[in-house]
Amino acid sequence: MYYQPVIGLEVHVELKTKSKMFCTCSAIYFGQKPNTQTCPVCLGLPGALPVPNKQAIEWCMLIGMSLHCEIPFLAKFDRKNYFYPDLAKGYQISQYDEPFCQSGYMVLSSGKRIGIRRAHMEEDTGKLLHETVDGKKVSLIDFNRSGVPLVEIVTEPHFTNAVEVKEYLQKLQQIVRYLAVANADMEKGEMRLEPNISLRKMGETELPGYKVEVKNINSFSFVEKAITFEIARQAKLLDTDTLPVQETRGWDEDQKLTVSQRNKEEAADYRYFPEPDIPPFVWEKTYIEQVRKQLPELPEAKQKRFNATYSLPGYNAEILTRERTVADYFEEAVKIGKIHAIEAKKIANWMINKKIDIETVLPATLIKEIKSVEVVEELPEDTLKKIINNVIDSHGKVVTDYRNGKENALMFLVGQVMKEVKGKAKAETVREALINLLK
Amino acid sequence: MDFTRLTIAQVRKKLDRKEISSVELTKAYLERIGKLDRKLNAYITVTEKEALHTAKKADEKIAQGDASPLLGIPFSAKDMYLTKGIRTTAGSKVLENYIPQYSATVLEKMEHAGAVLVGKNNQDAWAHGASGEHSDFGPTKNPWNLAYIPGGSSSGPAVSVAADLASFAIATDTGGSIRQPASLCGITGLKPTYGRVSRYGVVAMASSFDTMGHFTRSVEDSALILSVTAGYDEHDATSSEKPVPHYASELKKNIKGLKIGMPKEYFTSGLDSNVSKTVKTAMHKLEELGAEIIPISLPHTQYGVGVYYILQTAEVSSNLARYDGIRYGNNRETFGDEAKRRIMLGTFVLAHGYYDAYYKRAMKIRTLIRQDFDIAFRKVDAIACPVSPTPAWKIGEKVSDPLAMYLADIFTVTANIAGIPGLAIPAGFAMGMPVGMQLLGPQFSEDILFRIGHQYQLTTDWHTRKPDLPV
Amino acid sequence: MKFDVIHIAKLANLPLTEKEVTTFEEQLSGILEYVTELQTVDVSDVGETAQVTGLTNRSRSDRVEDSLSQEEVTSQTSCTYNGLFKVKAIFA
């Protein structure tokens, strides 16, 4: 029998705000001494009250906007009630029916659109460690992580295979990093994924009558393996006319399989209700637009622009825009390169093929390197002088600017000459000649 | 002279004129507590050492000419208010050994004002109750008759003011927990507008109803306390930024021409006839003082208790979830019966399949009750009505019938449902027990309520009556 | 309507004795019966009130202030280990 997988995803992304979601404790908990970054609010002491972090809310909106979400004019926080030792208050402040962002989408490279149901704001829990103390198995709790802002992004069940899921996740990670709102390091738990998987017969359009949620996935390769495993497991069951059980399973990387984590308790009943301690949010249109203005150029747009502006082949543009810092480095190098008549394409090739370490090599140094290996076939001196004079004649205003002390003007003129000589002169020579002629 | 009987306004003069020191005054209260509290049980913790230390510092400031209104004045606090380093129990065994790591904003304001905390008051555990009998530290007795309940949940704070065991007491009112015991003990009790006073650092009962008010011997004192406790707090996102009026000058204005509504739904068959008569007499007094009494209707009043016991218990069930015995306090088995009942009722109304029929519907009727008041306040400046349908009852009378106990809140819950202020003032006696009148006004109209209450107290002496207590 | 005490107590994480179950069932069923009078109110076209302040958009700027010390945090229980809170093993 042939089946079509129906896969949806819930992703939690920890924001890198300075302080926590509802209190002023530091949100940077990694490697800190246990229980040193808590206060009455995030420790759930009696009488403590939450006050939301504005930065976190704006960043949640930016994530939503990057995923083409609507930003509703009304939003509120709700309490999600459940008991777990790492949940200090016995409830998590989350958003139920009025999230900050809803109804968005992401387009995969195939052109397929993955619907985003919502992106909402909530708080992280404390961290549990399982150890043996005095010969007894115990669980230990550190509340430093309690209250760190989390954005949960929920997709529609639009994925049909693990490859799509992986692409979505990589793109999502890239976007939040571009926005500079999260590190999204999966190994550190800064980005957590929970796919839900079910199968239906080919040609059917209704959602299957069950779904299996898989937890415990902390890398992109695990998610691929876990989904592939689940699809095979469920198909086998369906082949024998057995409907897979609706449950939560965990990925076991050692055994390369998913294991049922279903406890015997009844289905969760979170008893959501509006958070009485936090007034609702009513956004002005102007405010939403003001937040939208903070959106940087996102990877997809940047790639397109690199393609068009620098005539880079698609593949190169994609590599150079994977990380915002690399893209910025490239553009800085292009700017310097222009003066030396070094083409953007050449710079791109250098960066990619020679695997330039952008942390240690300055863009100017890179240009120098490229230039040093270039043999410049120089124009005769009088031809060059003629070109320079032409440039001077046709840029009267710039010349005046230069004479009035604007150094940039000189750079501009050098650039203009270099364009004319098409690489057949050294920038220093041109620069010196210009200075002499403009004396 | 017994200085413990004086109002804050009166004792302030004595302190400033050095007729008495804060240390002497504090000792006088501590001594009275020592003599009487074994019978009354108004205190869970007496903070003698800390009090004397604070009083000494206050005397130094007074000597330097500081005449801040609360400087050196001994007060007590309901055990819902967190006090850093001083045990805070909320009246429950769950917190019997809890020493808070921080203090409530109101307590910090009191400390800043130089007021002297003499102790933490008994109360119904978690502020659940209308009689004081649900305290895990034993019931508090009504000073007017020790066989009677003092009302609740702020039983201890009310009794500590009524029996002169503190100059004033700060407390909480979620469904009537200040106004009702004030009425039953013959003192003045204020429930401010929701958001007027910070809730930070006070054990949460039902967060969208909880208000931080106080008990005093006069309306004048009540206004004085509110001018210290009111105001925006960055730790409480629901606290108001509205400026705090100058209450002291507002209350001096007469009430000629003020329109006071008399809601017919508050004077029905469920109301004790003696209480009805007493409140009507008091309203007649207001008329004599120049106010106009206007009949009004608050048609959804009868649904108040139902709405309240759905929404309040839902919030209670969530607010008490943090008490798991891991970080502080004892485990969940230690909750008393009333807390368990409310947690379960609240869990039920939020549970899958019941939310719409109970919780959501109650939120809608909450809207209707608010609208009743909005409409009424277009016609009148304030409302006068009874606080409690009966005077104090005998200890044990209602303790095994939770519903009967809930119905004692019928005239007080509506103010919490709507978030409006309420002032309870002594209006007379019925069968030897005190009876209060309740004044309600629009949000942030405490100034008007104080004005009516103060003008009433200028021409009556019910608020100066004291129970006979063997010292 | 009968109040399902056992199911609700489990949701509420409340350990109850058998006697409590019986008492609460009777008491809570009585209270539920009392609140059924709310079902008679016409609430069509009525909005919900969750809060009464009318306030909106309350937030704070992203600023860090001092936290409590580990000693203060762990001072209220004896079940600690190396500055961590200790509970019985969650996965037995």
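The rules behind these values
- Residue numbers here run from 1 along each chain, matching the order of that chain's written sequence.
- Both sets of labels track the order of writing: A upward for chains, 1 upward for ligands.
- The predicted origin of the model limits local features to residues at a pLDDT of at least 70 and limits the giving and counting of side-chain atom pairs to 80 or more, whereas totals for whole chains, interfaces and linings rest on all residues.
- A helix here means a DSSP run of H or I that spans at least four residues, while a strand means a run of E at least two residues long, and both kinds are numbered starting from the N terminus.
- For a compact globule the rule gives 2.2 Å times the number of residues to the power 0.38, and the radius of gyration it is set against comes from C-alpha atoms.
- Two residues form a contact once the distance between their C-beta atoms, set from the backbone, is within 7 Å.
- As a rule, residues whose C-beta atom has 12 or fewer other C-beta atoms within 10 Å are exposed, those with 20 or more are buried, and those in between are partly exposed; C-beta atoms are placed from the backbone.
- DSSP calls a pair of strands paired once it identifies at least 2 bridges connecting them.
- Here an axis means a line fitted to C-alpha atoms, over the contact stretch when the element is a helix, while the angle between two N-to-C directions is reported on a 0 to 180 degree scale.
- By convention the nonpolar core is taken to be a set of buried residues drawn from Ala, Val, Leu, Ile, Met, Phe, Trp, Tyr and Cys and joined through C-beta atoms within 7 Å.
- Note on terminology: angles under 35 degrees are roughly parallel, angles over 145 are roughly antiparallel, angles of 65 to 115 are roughly perpendicular, and the others are oblique.
- Take the far helix as your reference; a near helix turned counterclockwise from it by less than a right angle gives a left-handed crossing, and one turned clockwise gives a right-handed crossing.
- The nonpolar class holds Ala, Val, Leu, Ile, Met, Phe, Trp, Tyr, Cys and Pro. Asp, Glu, Lys and Arg form the charged class, and all remaining residues, Gly among them, are polar.
- Expected helix span is computed as 1.5 Å times (number of residues minus one).
- What the arc measures is the spread of directions leading from the helix axis to the C-beta atoms.
- When the strands point away from the viewer and the path from the first strand over the helix to the second turns clockwise, the crossover is right-handed.

**Quick look at the overall build of chain A**
Scanning chain A for helices and strands turns up 13 helices and 15 strands. The globule rule puts the C-alpha radius of gyration for 439 residues at 22 Å, and the 28 Å found for chain A is more than 25% above it. In terms of overall dimensions, chain A has a C-alpha envelope of 90 × 60 × 50 Å along the principal axes. Taking as baseline every contact in chain A between residues at least 6 positions apart, the subset at least 24 positions apart corresponds to 70%.

**Notes on the overall build of chain B**
Looking only at helices and strands, chain B has 15 helices and 11 strands in total. Its C-alpha atoms give chain B a radius of gyration of 21 Å, near enough to 23 Å, the size a compact globule of 471 residues would have. Here the C-alpha coordinates of chain B stretch approximately 60 × 60 × 45 Å along the principal axes. Among the 471 residues that make up chain B, the fraction classed as buried is 65%. Intrachain contacts of chain B at a sequence separation of at least 6 include 78% that bridge at least 24 residues.

**Thoughts on the environment of Ser 177 of chain B**
With respect to the helices, strands and loops of the structure, Ser 177 of chain B is situated in the loop between β4 (168-173) and α6 (179-185). The contact partners of Ser 177 of chain B, leaving out residues within four places of it in the chain, are Ala 127, Gly 152, Ser 153, Ser 154, Ala 171 and Thr 172 of chain B.

**Here we look at the interface of chain B and chain C**
Chain B puts 43 residues into the contact, and the matching count from chain C is 37 residues. For the side of chain B that touches chain C, the elements supplying multiple residues, two or more each, are α10 (304-319), α11 (337-350), α12 (356-379) and α13 (402-407) of chain B. Here the side of chain B that touches chain C gets 10 residues from one element, more than from any other, and that element is α12 of chain B.

**Let's talk about the pairing of strand β10 (residues 191-201) of chain A**
All names here are of chain A. Here strand β1 (residues 3-14) runs beside β10; their pairing, made up of 11 bridges, is antiparallel. The residue bridging Leu 9 from the neighbouring strand is Pro 195, located in β10. Note that β10 and strand β11 (residues 212-215) share two bridges and pair antiparallel. For Ile 197, the partnering residue across the bridge sits in β11 and is Val 212.

**Let's talk about the sheet that holds β1 of chain A**
Residues and elements named next belong to chain A. Read across the sheet, eight strands follow the order β5-β6-β9-β1-β10-β11-β12-β13 without closing on themselves; strand pairing throughout is mixed. Looking at which strands have only one partner, the edges of the open sheet turn out to be β5 (101-107) and β13 (257-260). Each strand of the sheet is rotated relative to its neighbour by a mean of 30 degrees, with strand direction disregarded. Sheet analysis places strand β12 (residues 247-252) next to β13, joined by four bridges and oriented antiparallel. Across the sheet, residue Asp 252 finds its bridge partner in β13, namely Leu 257.

**What to know about the sheet that holds strand β14 (residues 273-274) of chain A**
Residues and elements named next belong to chain A. Spatially, three strands are ordered β4-β3-β14 in an open sheet, and the strand pairing comes out antiparallel. Edge positions in the sheet fall to β4 (91-94) and β14, since each of these pairs with one other strand and no more. Inspection of the sheet shows strand β3 (residues 78-81) paired to β4 by four bridges, in the antiparallel sense. Note on β4: the bridge partner recorded for Asp 78 is Ser 94.

**Describing the nonpolar core**
Membership of the largest hydrophobic core comes to 249 residues, with the highest contact counts inside it found for Cys 60 of chain A together with Phe 75 of chain B. Aside from chain neighbours lying at most four places away, what touches Cys 60 of chain A is Phe 100, Cys 101, Ala 119, Met 121 and Val 151 of chain A. Formed by 32 residues, the second largest nonpolar core is a distinct cluster that contains Leu 320, Val 334, Ile 356 and Val 414 of chain A.

**What to know about the packing of α11 of chain B against helix α2 (residues 18-35) of chain C**
Contact pair α11 of chain B / α2 of chain C: the axes reach a minimum separation of 11 Å and the direction vectors enclose 55 degrees. The orientation of α11 of chain B relative to α2 of chain C falls into the category oblique. As for how α11 of chain B packs across α2 of chain C, the hand of that crossing is right-handed. Contacts between α11 of chain B and α2 of chain C involve Arg 341, Met 344 and Leu 345 of chain B from the first element and Phe 24, Gln 27, Leu 28 and Ile 31 of chain C from the second. Its residues assigned to classes, the contact of α11 of chain B with α2 of chain C shows five nonpolar, one polar and one charged.

**A word on unusual backbone geometry**
Residues and elements named next belong to chain B. Cis rather than trans, the peptide bond between Gly 152 and Ser 153 has omega equal to 5 degrees. Residue Lys 18 is not a glycine yet carries a positive backbone phi of 60 degrees. Of note in the backbone geometry, Phe 444 takes a positive phi value of approximately 60 degrees without being a glycine. Tracing the sequence through the fold places Phe 444 in the loop between β11 (433-440) and α15 (446-459). We classify Phe 444 as buried; it has 20 C-beta atoms within 10 Å.

**What to know about helix α10 (residues 381-394) of chain A**
Residues and elements named next belong to chain A. For α10, which comprises 14 residues, the first-to-last C-alpha distance of 20 Å matches the rise-based estimate of 20 Å (1.5 Å per residue) to within 8%. For α10, the set of buried residues is Ile 387, Ile 388 and Val 391. One face of α10 carries all of its buried residues, which in axial projection span an arc of 100 degrees. Counted as exposed and oriented over 90 degrees from the buried face of α10: Asp 382, Asn 389 and Asp 393. Looking at the buried residues of α10, the elements they touch are α12 (407-421) and α13 (427-437).

**Thoughts on helix α2 (residues 162-178) of chain A**
Residues and elements named next belong to chain A. Its 17 residues place the ends of α2 24 Å apart at the C-alpha level, agreeing with the 24 Å of an ideal helix rising 1.5 Å per residue. Of the residues making up α2, those classed as buried are Ala 162, Glu 164, Val 165, Tyr 168, Leu 169, Lys 171, Leu 172, Gln 173, Ile 175, Val 176 and Tyr 178. Once α2 ends, the next one or two residues include Ala 180, with phi positive near 60 degrees.

**Side note on the pairing of strand β2 (residues 74-78) of chain B**
Residues and elements named next belong to chain B. Burial within β2 is extensive, with five of its five residues counted as buried. Handedness of the crossover joining β2 and strand β3 (residues 116-121) through helix α4 (residues 105-113): right-handed. Where β2 meets β4, three bridges bridge the pair, whose relative direction is parallel. Each bridged residue has a counterpart across the sheet, and for Ala 77 the counterpart in β4 is Ile 170.

**Observations regarding the environment of Thr 155 of chain A**
All names here are of chain A. Counting through the fold element by element, Thr 155 comes out in strand β9 (residues 149-155). You can call Thr 155 buried: it has 25 C-beta atoms within 10 Å. As a C-alpha pair, Thr 155 and Ile 114 span 41 residues in sequence and 7.1 Å in three-dimensional space. Excluding residues within four positions of it along the chain, Thr 155 makes contact with Gly 8, Leu 9, Ile 114, Gly 115, Ile 116 and Arg 117.

**Regarding the packing of α10 of chain B against α11 of chain B**
All names here are of chain B. At a minimum axis separation of 7 Å, α10 and α11 run at an interaxial angle of 105 degrees. Considering the angle they form, α10 stands roughly perpendicular to α11. In contact with Tyr 309, Ile 310, Thr 313, Ala 314, Glu 315, Val 316 and Ser 317 of α10, α11 contributes Arg 342, Ile 343, Leu 345, Gly 346, Thr 347, Val 349 and Leu 350. Of the residues assigned to the contact of α10 with α11, the class counts are eight nonpolar, four polar and two charged.

**Some thoughts on the environment of Ser 273 of chain B**
As for its position among the elements, Ser 273 of chain B is in helix α9 (residues 273-288). Assessed through the 9 C-beta atoms surrounding it within 10 Å, Ser 273 of chain B is described here as exposed.

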